[in-house]
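Chains, contacts and geometry: an overview
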Amino acid sequence: MRGMAEQSIVDRVEDGTPDKEKKKRRRSRRSKHNLSSSGQNGCDNHDPKEYEQPKACEVAFSSLPAMHISEETSSSDVRTMQNQDVVPSDPGPPGGKICSKSCPEPASCSNGSFAYKVSLPRCEIEAYPQRKYFAPHWSMEFVTKALQESDAFKAVFRVNAHNSLEAYCTIDGVKTDVLISGIADQNRAVEGDVVAITIDALSLWPRMKGPVVPLKNSSQIEDSNIYSQVNFRTVENGSKGKAKVEESCFYRRNLTCLSDLSMDGCPAEGIDFVNSAERICAMIDSNPTKRPAGKVVAILEKSPRRDSIVGFLSVNKDSQNKDNFVEFIPTDPRFSKMMVYDGDLPESFNKRFVESDSKVEMELVAARIKHWGEENLIPQAQIIKTFGKGGDIGAHINAILLENSVNVSEFSPESLSCLPDIAWEVPKEELETRRDLRNLCIFTVDPSAATDLDDALSVEALSNGNFRVGVHIADVSYFVQPNTPLDEEARVRSTSVYMLQDKLPMLPPLLSENIGSLIPGVDRLAFSIIFDIDNSGEVIDRWVGRTVIKSCCKLSYETAQAIIDGSFNMEGNDVITSVKTLDEISRTLKKKRFDEGALWLDSSKIVFLFDELGFPYDIMLSELKESNFIIEEFMLLANKTAAEIISRAYPDCALLRRHPEPNSRKLKEFELFCAKHGLELDTSSSGHLHRSLEKIREKLQNDSVLLNILLSYASKPMQLAMYFCSGELKDCENDWGHYSLAVPLYTHFTSPLRRYPDIVVHRTMAAALEAEKNYYKHRKMLQKAQMGEDMERKGFTGICFDKYAAESKEGKEAFLAAALKYYVPCTDMLVDVAAYCNKRRLASRHIKEATDKLYMWVLLKKKQILLSEARVLGVGPKFMSIYIHKLAIERRIYYDEVEGLFAEWLESTSTLVLNLCINRRYQRRIYTGKSKSLDDVACVVNPCDLKSERLKGEMGTSSGSLVDYGELEPAVFPMTVSVLSTIPVAVHAVGGEDGPLDIGARLYTSSYFR
């Protein structure tokens, strides 16, 4: 029955095909079927290139550097590509290779065969052997052996959102991602899976996208050519039994051993490579026009996304569900369609299907992948949750949270029992053991609506002309004790999740918004770092310790900016004086930081304006002010200081944060693009890149749109910053650095109310302080030296680190005792914590992006159409990529196979010409098969109607339309489009109510023929 169900989905390939052509193809299929049946046990000697797919990377496309685009393509475009030419690349099961293709266009495979639905009685179906679309996964025994011998590589499987037939895997030590092309080579892996992959022979590597650029810091091999002469290594197998022997033979046929590759006919042993990753790098360097390709041979760890895929159900109206299954269409284009059998649907849904309730397809649901066998072209899924009607904000937000595995439940009674009551006051013993700073002018600067206040500042002018700046952070680790239910819940949540209209806190509100928050006018526990800073921004000395503070006020960024601008002034007010002083110091620190090589890529951000009901009614662009930089500079300084302290105290157990260098190929492509357009860019270091971008800012000060585009694309080559355990990279200290900040050590210390890593760092800092106190007390060497006003010199946490004391027997004993007291995690445990926190931080980022897109969709749904100018980022024969400045988003417009539109791509000049097709006879000759409607690609208005609408708008009379035609002039045909040209577009909401929601863009044009 399941075989019939899958074939029913595949069979829809022939819908709309002329009857004569169908009959001809059925005869061809029967002929091919007989041939394949007669040769089931023979070897398949077809040339692999015979089935090779046209790669997306081979399509001409003139654009900005080939980088990821932040929007999702239309579901129809992606899903049309998903079922193309399914051919297992490995020696497959009986029946030979399988080819199928989905709507709208039937297309034959190289051998002329077509996928078709087998119409046989049920008894014959059960006896008929099912074809297999995928090669079997390797056993763990063979995977382990292959990984050890570098014949296979472990990597995370990432799918291209624009084309799910393309996926990428990053191998450690290889700067170029490996392409996994086609569903056969992807072998049932899904987004986020940890997989084992093998590398294809060099002859199967596709051409690299974009221009060919030389990579820096690569081990080029001169006058050599690594070619794919592969000698398959024998897999040792002492097991007996036919099944085991056949399995061994199968894996031997599929091992591509890089160790057997030779160069210029000489043995590879003549070159001293450390491992196979370096061999791949050498092959890439010698073949810069090609991208390494591979295939998935095993799934090592299944992605959590398999259990939380959001989408809509779709019923085949013609079959009236006689196949006992419905289709599940995910909203995420990186996932393929799935089939859901009656037994895997909620009972209420089955009843609605029987009653032919059409609204069931408008329900937003979640599914999990239940089974995906070798004989299943698409996975079988089970519906696990319903959210409500598509298009409803609440339903979509709940779906977004489920997709990203966010804990939305209330805090458990056990975790809440770890907290004191709301009337908590600072205990007497804490007042005795901590430094009392309640007499200082300390204040917070946060967004006006913020309630979790975890950082505060203070400043004093010293008699020697220096300044004493205090960074005071809420001492959350005092309340969140290790190995308690509260600690466990905070670790699982890992981070607070911020949405535009809501927040899911990492810690209970009693702690994050009350007793742990630095609320003005009440005593609070803090972890303070006090810096003595001179006029050049140099830190002369510092003190670190636990304190008691009392904030005198809470400033918003707007109020702080008003103080800086001088529009809010009260003579003699300590807070106003402090803000102005901190502003001057922060400017000095910022200049010093950029002089030392830091990089800044921030551009305009989107801000939504909401009505009293919580619905967005408008959108605006916002930029950072000087008041934002005040907080940023001192927080960066505190984080850098905390990283220095914990890495010295516990070199194997410090939780740090690193930012790897950017993708060199993409960065070089961006550099070449800038050079092509007369913009000089030096990418040799983060500092040089920053200075180059600053010059471009000055040059483009009258073109803010292009500047935002360039800043956005400059961030594309950047890799994600990540937490790591110092002990894990003990032998690779060069990889500890933070590229954009240009510092060798960095961590997170300043936001413990919303980030779990900060709590871990606080505990490690507390252990370092405890070890320092006990060591000097034991040795009777605790000395207080005067620096300014009783600033203590400290050997473990001060600027001058006493390495001799730290490495002495007494010092090691003090560090060990303190680590046990404050539960500093061991290396293995901290590696797991870092990896988990990285995942949760990335999920939080995805949630923010998804909710931003959701509210933008709601806004556009209300407006119907938003007219705006757009800048062309890239253009090719089939689609163009545009940047819509008003919304700060990128979108694509597809114009191939559009009825009524003629697109001419001029390869020599990288120019596109679009024109309306007036001649119907010529139009029929141009377009074949199923084409898109002109309205899908362009919003064409008649100039007379446009004039009438504008006149009504000026007179204040309503025409019933919500579209504001404003002063934006539509384009006229013929249109000539090239990279960076400006075009008018009409932006609108897509789907949402019965399919994936998206933001669509069309050309905004005028014509008297409409």
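Residues numbered from 1 in each chain as written. Predicted model: local features only at pLDDT ≥ 70, side-chain atom pairs only at ≥ 80, totals over all residues. Heavy atoms only, no water.

Bringing helix H23 (residues 809–822) into the picture now. Under the 1.5 Å per step criterion, the end-to-end length of H23 is 20 Å for 14 residues, consistent within 8% with the ideal 20 Å. Every buried residue of H23 is listed here: Gly 811, Ala 814, Phe 815, Ala 818, Ala 819 and Tyr 822. The buried residues of H23 occupy an angular sector of 130° when the element is viewed end-on, so they sit on one face. The exposed residues of H23 that point more than 90 degrees off its buried face are Lys 809, Lys 812, Leu 816 and Leu 820. (Helix = DSSP H or I, 4+ residues; strand = E, 2+ residues; numbered from the N terminus. Expected span 1.5 Å × (residues − 1). Buried < 20%, exposed > 50% of the residue type's maximum accessible area, 1.4 Å probe, protein only. Arc of directions from axis to C-beta.)

Omega for the bond connecting Phe 973 with Pro 974 falls within 30 degrees of zero, at 0°, which places this linkage in the cis form. You will see that Ala 888, though not glycine, has its phi angle at about 55°, which is positive. In this fold, Ala 888 is placed in the loop between strand S28 (879–884) and strand S29 (889–894). The class for Ala 888 is partly exposed, based on a relative accessible area of 28%.

The next subject is the confidence of the model for the protein chain. Here the protein chain averages 80 in pLDDT, and 75% of its residues register 70 or above. Confidence drops under a pLDDT of 50 for residues 1–20, and excluding neighbours within four residues, the segment shows 52 contacts in the predicted structure. Across residues 22–61 the pLDDT falls below 50, and counting only partners more than four positions away or on other chains, this stretch makes 49 contacts in the model. (pLDDT = per-residue confidence, 0-100. Contact = heavy atoms within 4.5 Å.)

With that settled, the discussion passes to the packing of aromatic side chains. One pass over the structure, following the stated rule, counts 18 aromatic pairs. By the ring-pair criterion, three or more aromatic residues cluster together here, those being Tyr 650, Tyr 775, Tyr 776, Phe 796, Phe 801 and Phe 815. Looking at Arg 491, its charged tip hangs above the ring of Tyr 836, at a distance of 5.8 Å from the centre. For the cation-ring pair, Arg 657 lies above Tyr 723, with the distance from its terminal atom to the ring centre recorded as 4.5 Å. (Phe/Tyr/Trp six-rings, centres within 6.5 Å; stacked < 30°, edge-to-face > 60°. Lys NZ or Arg CZ within 6 Å of the ring centre and 35° of its normal.)

Time to look at the nonpolar core. Note that soluble globular proteins tend to have their nonpolar side chains buried in a common cluster. Leu 507, Leu 511, Phe 634, Phe 749 and Met 765 are the most contacted members of the largest nonpolar core, which totals 99 residues. Among the elements that make up this core, the one with the highest residue count is helix H21 (residues 756–778) (twelve residues). Residues contacting Leu 507, with those up to four places away along its chain left out, are Phe 411, Val 476, Val 480, Leu 486, Ala 490, Ser 512, Pro 752 and Leu 753. By size, the runner-up hydrophobic cluster in this structure holds 77 residues, among which are Val 406, Leu 693, Leu 707 and Leu 860. (Core = buried A, V, L, I, M, F, W, Y, C linked by side-chain atoms within 4.5 Å.)

Two numbers describe how H21 lies on H23: the axes approach to 8 Å, and their chain directions differ by 140°. Put simply, H21 runs oblique to H23. At the point where H21 passes H23, the crossing takes the right-handed sense. Touching Arg 763, Ala 766, Ala 767, Ala 768, Glu 770, Ala 771, Tyr 775 and His 778 of H21 are Glu 810, Gly 811, Ala 814, Phe 815, Ala 818, Ala 819, Lys 821 and Tyr 822, all from H23. Of the residues assigned to the contact of H21 with H23, the class counts are ten nonpolar, two polar and four charged. (Axes fitted to C-alpha atoms, helices over the stretch in contact; angles between N-to-C directions. Parallel < 35°, antiparallel > 145°, perpendicular 65-115°, else oblique. Left-handed = near helix turned anticlockwise from the far one by under 90°. Nonpolar A, V, L, I, M, F, W, Y, C, P; charged D, E, K, R; others polar.)

What follows covers helix H13 (residues 485–493). When we look at burial in H13, the residues that qualify are Leu 486, Asp 487, Glu 489, Ala 490 and Arg 493. The arc that holds every buried residue of H13, seen down its axis, measures 165°, which confines them to one face.

Contact geometry of helix H17 (residues 626–649) with H21 gives a least axis separation of 9 Å together with a crossing angle of 60°. Compared by their axis directions, H17 and H21 come out oblique. For the crossing formed where H17 meets H21, the hand is left-handed. Between H17, through Ala 642, Ile 645, Ile 646 and Ala 649, and H21, the contact on the second element is made entirely by Val 761, Thr 764, Met 765 and Ala 768.

Spatially, S3-S4-S5 is the arrangement adopted by the three strands of the open sheet, whose pairing is antiparallel. Looking at which strands have only one partner, the edges of the open sheet turn out to be strand S3 (158–160) and strand S5 (178–181). Direction aside, the axes of adjacent strands within the sheet are offset by 35° on average. With three bridges joining them, S3 and strand S4 (residues 163–169) adopt antiparallel strand pairing. Across the sheet, Arg 158 pairs through a bridge with Tyr 168, a residue of S4. (Pairing = 2+ DSSP bridges.)

Evaluated as defined, the whole model comprises zero disulfides. No disulfide involves Cys 653; its nearest neighbouring cysteine sulfur is the one of Cys 725, lying 6.0 Å away. A relative accessible area of 17% means that Cys 653 is categorised as buried. (Disulfide = S-S within 2.5 Å.)

As a further point, take the environment of Asp 611. Mapped onto the secondary structure, Asp 611 falls in the loop between strand S23 (605–610) and strand S24 (616–622). Separated by 3.0 Å, the side chain of Asp 611 and the backbone nitrogen of Leu 613 make a polar contact. From its side chain, Asp 611 meets the backbone nitrogen of Gly 614 in a polar contact 3.0 Å long. (Polar contact = N/O pair within 3.5 Å; in protein donor to acceptor, adjacent residues only side chain to side chain.)

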